[in-house]
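Summary of structural features
The primary structure of each chain is shown beneath.
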Amino acid sequence: MNQEIKVCGDNNSLLLNDNSNNISVFGSQVVSPPLTSQIDPSTLLSYSIYSDHMVIITNNGEAYGIGDNRDFRISTSLPKEKIYELTKFPIKDDTNNTLYTPISAVCGCKYTLYLVKDPNDSNSTHLIYTSKETQK
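**A few points about the sheet that holds strand β6 (residues 63-68)**
The strand order β4-β5-β6-β7 describes an open sheet built from four strands, whose pairing is antiparallel. Whereas interior strands pair on both sides, the edge strands pair on one side only; in this sheet they are β4 (44-50) and β7 (82-89). Taking each pair of neighbouring strands and ignoring which way they run, the sheet shows an average axis angle of 10°. Relative to β6, strand β5 (residues 53-58) is paired through five bridges, and the arrangement is antiparallel.

**Focus on the environment of Asp121**
When you line up the elements, Asp121 lands in strand β11 (residues 121-131). Counting along the chain gives 64 residues from Asp121 to Ile57, while the straight-line C-alpha distance between them is 20 Å.

**Description of the side chain of Asn11**
Turning to its location among the elements, Asn11 is positioned in the loop between β1 (6-10) and β2 (22-23). Non-local contacts of Asn11, meaning those with residues more than four positions away in its chain, are made with Leu16, Asn17, Asn19, Ser20, Gln29, Val30 and Val31.

**Here's the deal with the sheet that holds strand β8 (residues 91-92)**
If you trace the four strands from one edge of the open sheet to the other, you get β8-β9-β10-β11, paired in antiparallel fashion. On the outer flanks of this sheet lie β8 and β11, each paired with one strand and no other.

**Digging into the state of the cysteines**
Summed over all chains, the structure comprises zero disulfides. Left unpaired, Cys8 is separated from the closest cysteine sulfur, that of Cys107, by 18 Å. Left without a disulfide partner, Cys107 is nearest to the cysteine sulfur of Cys109, which lies 12 Å away. The exposure class of Cys107 is buried, given its relative accessible area of 7%.

**Points about the environment of Leu113**
By the element assignment, Leu113 lies in strand β10 (residues 111-118). For Leu113 and Gln29, which are 84 residues apart along the polypeptide, the C-alpha to C-alpha distance reads 28 Å.

**Some remarks on the pattern of salt bridges**
Overall, the coordinates contain five salt bridges when judged by the stated rule. In this structure, Arg73 engages Asp52 in a salt bridge whose closest nitrogen and oxygen atoms are separated by 2.8 Å. In this pair, Arg73 is assigned in the loop between β6 and β7 and Asp52 in the loop between β4 and β5, connecting sequence segments 21 residues apart. Here the two residues Arg73 and Asp52 agree in accessibility, since each one is buried. Across the salt bridge formed by Arg73 and Asp71, the nearest N and O atoms sit 2.7 Å from each other. Asp71 shares its class with Arg73; the two are buried. A cluster of three or more residues bridged by salt bridges with shared partners is formed by Asp52, Asp71 and Arg73.

Thresholds applied
Residues numbered from 1 in each chain as written. Predicted model: local features only at pLDDT ≥ 70, side-chain atom pairs only at ≥ 80, totals over all residues. Heavy atoms only, no water. Pairing = 2+ DSSP bridges. Helix = DSSP H or I, 4+ residues; strand = E, 2+ residues; numbered from the N terminus. Axes fitted to C-alpha atoms, helices over the stretch in contact; angles between N-to-C directions. Contact = heavy atoms within 4.5 Å. Disulfide = S-S within 2.5 Å. Buried < 20%, exposed > 50% of the residue type's maximum accessible area, 1.4 Å probe, protein only. Salt bridge = Lys/Arg side-chain N within 4 Å of Asp/Glu carboxyl O.

This is the structure:
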């Protein structure tokens, strides 16, 4: 069975696809009609997109982000800037040491919530929240 993700909507931040195929009535870049995403869904545990950032978690426990991270809404492990291509990043604890294995991510308005496995106890999971409020 051939799996694919179809995307459409606002694409000013290029979160949906490398190329837009139309322009909205307001003059912004959009994908319409829908296009097939370049992301292979068979490699994903989690895919979340909200407004101007996106995070995916792969089957092998890697996190990737793209979009606006100027206020650390994706991760403090990424540069404090707009990320223009899907970029791999680690999920660390507040001492910047322990690497967690991501299971899922949910993007929201200026934040991302991660469900992660504890590296010291594979039966233990944690929620990690990152947003503009986590780093002043």
